[in-house]
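# What the coordinates show
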Amino acid sequence: MIIKPRIRGFICVTAHPEGCKANVKEQIDYVTRQGKIDGGPKKVLVIGSSTGYGLAARISAAFGSDAATLGIFFERAGDESKTATAGWYNSAAFEEFAEEKGLYAKSINGDAFSDEVKQKTIELIKQDLGQVDLVVYSLAAPRRTHPKTGEVFNSTLKPIGKQVTIRGLNTDKETINETTLEPASPEEIAGTVAVMGGEDWQMWIDDLKAAGVLADGAKTTAFTYLGEEITQDIYWNGSIGEAKKDLDKRVLDIRSSLAEKGGDARVSVLKAVVTQASSAIPVMPLYLSLLFKVMKENGTHEGCIEQVYGLYKDSLYGTSPLLDKEGRLRADLKEITPEVQGEVGKLWDTVTNETLAELTDFVGYKSEFMRLFGFGLDGVDYAADTNPDVKIKNLVQM
């Protein structure tokens, strides 16, 4: 079939297998050019490994440190009449490139919140790897079924304690708009923390440790975003921010647990990038379009792979990790400089429908969004008849 993008709001409901493969290859090539990560991990579990920062974490471990990787994700396969999700194609491509290099790569497709997936992961580690020395937690999900109680929780994107009206960007109509959000209820806040907070991360580490599949000195990290003033009403000071603050609380117990055998646990702060998750946050398309313009002009723009490779090399396995006073690893420092934020803030207040093209890099934002789904990649023949039914060779389907 001829695969074309079909966009509905903040999601593209089709994906291109060859485009996704090209996108993965570009990230692998970037890591290869940067060189090996001194003292990097050798056996890595990535929970949420199929897109965005999780995919970049898997690529950085494998191609920056020759690591064996086990990836966990929840994606939909394609067939002859419909495309798979982009994460499915990304994972198929990753495994193909890893195999070409002689690297171990297997994946489990299922609900990472479930006890069944955790136990299957432990079985596979015991069978194939023995132990892992790095666990990356990179889940972004709209809901979670609690594995012990069966209760279903949903996450929300709302402010706390007050109604908030924020500027945004209607990406379909390409116009500046305003969105008014009502404050989250206590139940909505609790649900968001249950989905996006640190409980599941802690459950993973507790189960892995109890099963004896964490190596001495093992590290773990969970990804977060803090942002600055423009995004904080909806993000850090909102319902999702409460979930991210829960990560900061949970990491203390996880760190203490791993320290018994020389390990460590850190929350890692990454910069704002275009991901399937960030595109759903009302403030982010406009903020990212402005941020891209400023950081590209400064020569400091980075995407997922640049951020995560730098995190590995400079902090997770660096001799002088970039830590803030809360003990988080910081890879986002180029985004939050006063110069960058000052310029973004000035443009934020002045951009209009008429000046959108001039004052923002919305073109760059749209390009990055389309690339998430495998569209707009150089060297891909999008007019060619393409089979959407791509298999993942070493997949365990749950």
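The structure this text deals with has already been given above.
So, here's what we can say about the structure. Here the structure is a predicted model, which is why all the values come from computation and not from measurement. (Residues numbered from 1 in each chain as written. Predicted model: local features only at pLDDT ≥ 70, side-chain atom pairs only at ≥ 80, totals over all residues. Heavy atoms only, no water.)

## A word on the nonpolar core
Ranked by size, the top nonpolar core spans 84 residues in total, and within it Leu45, Ile72, Trp201, Trp204, Leu208 and Tyr287 carry the most contacts. At nine residues, helix 9 (residues 284–298) tops the list of elements feeding residues into this core. Beyond its immediate stretch of four places on either side in the chain, Leu45 contacts Leu70, Ile72, Thr121, Ile125, Val132, Leu134, Val135, Val136, Trp204 and Leu208. Formed by 37 residues, the second largest nonpolar core is a distinct cluster that contains Ile37, Val44, Phe63 and Leu103. (Core = buried A, V, L, I, M, F, W, Y, C linked by side-chain atoms within 4.5 Å. Buried < 20%, exposed > 50% of the residue type's maximum accessible area, 1.4 Å probe, protein only. Helix = DSSP H or I, 4+ residues; strand = E, 2+ residues; numbered from the N terminus. Contact = heavy atoms within 4.5 Å.)

## Section: helix 4 (residues 115–129)
Side chains three or four residues apart in an α-helix point the same way, a direct result of the helix having 3.6 residues per turn. Here helix 4 is 15 residues long and its end C-alpha atoms lie 20 Å apart, about the 21 Å a rise of 1.5 Å per residue gives. Looking at helix 4, one finds that the buried residues are Val117, Lys118, Thr121, Ile122, Leu124, Ile125 and Leu129. Around the axis of helix 4, the buried residues are gathered within 165° of arc, so they sit on the same side. Turned more than 90 degrees off the buried face of helix 4, the exposed positions are Glu116, Lys126 and Gln127. Buried residues belonging to helix 4 abut strand 3 (43–47), strand 4 (68–73), strand 5 (105–109), strand 6 (132–137), helix 6 (199–210) and strand 14 (395–397). Within two residues after helix 4, Gly130 carries a phi angle of roughly 85°, on the positive side. (Expected span 1.5 Å × (residues − 1). Arc of directions from axis to C-beta.)

## Things to note about the packing of aromatic side chains
What the rule picks out here adds up to nine aromatic pairs. Between Tyr312 and Tyr317, the aromatic rings sit 6.2 Å apart at their centres with planes inclined by 40°, giving tilted as the arrangement. Neither residue differs from the other here; Tyr312 and Tyr317 are each classed as buried. Taking the ring centre of Tyr317 as reference, the NZ or CZ of Lys219 above it sits at 5.4 Å. (Phe/Tyr/Trp six-rings, centres within 6.5 Å; stacked < 30°, edge-to-face > 60°. Lys NZ or Arg CZ within 6 Å of the ring centre and 35° of its normal.)

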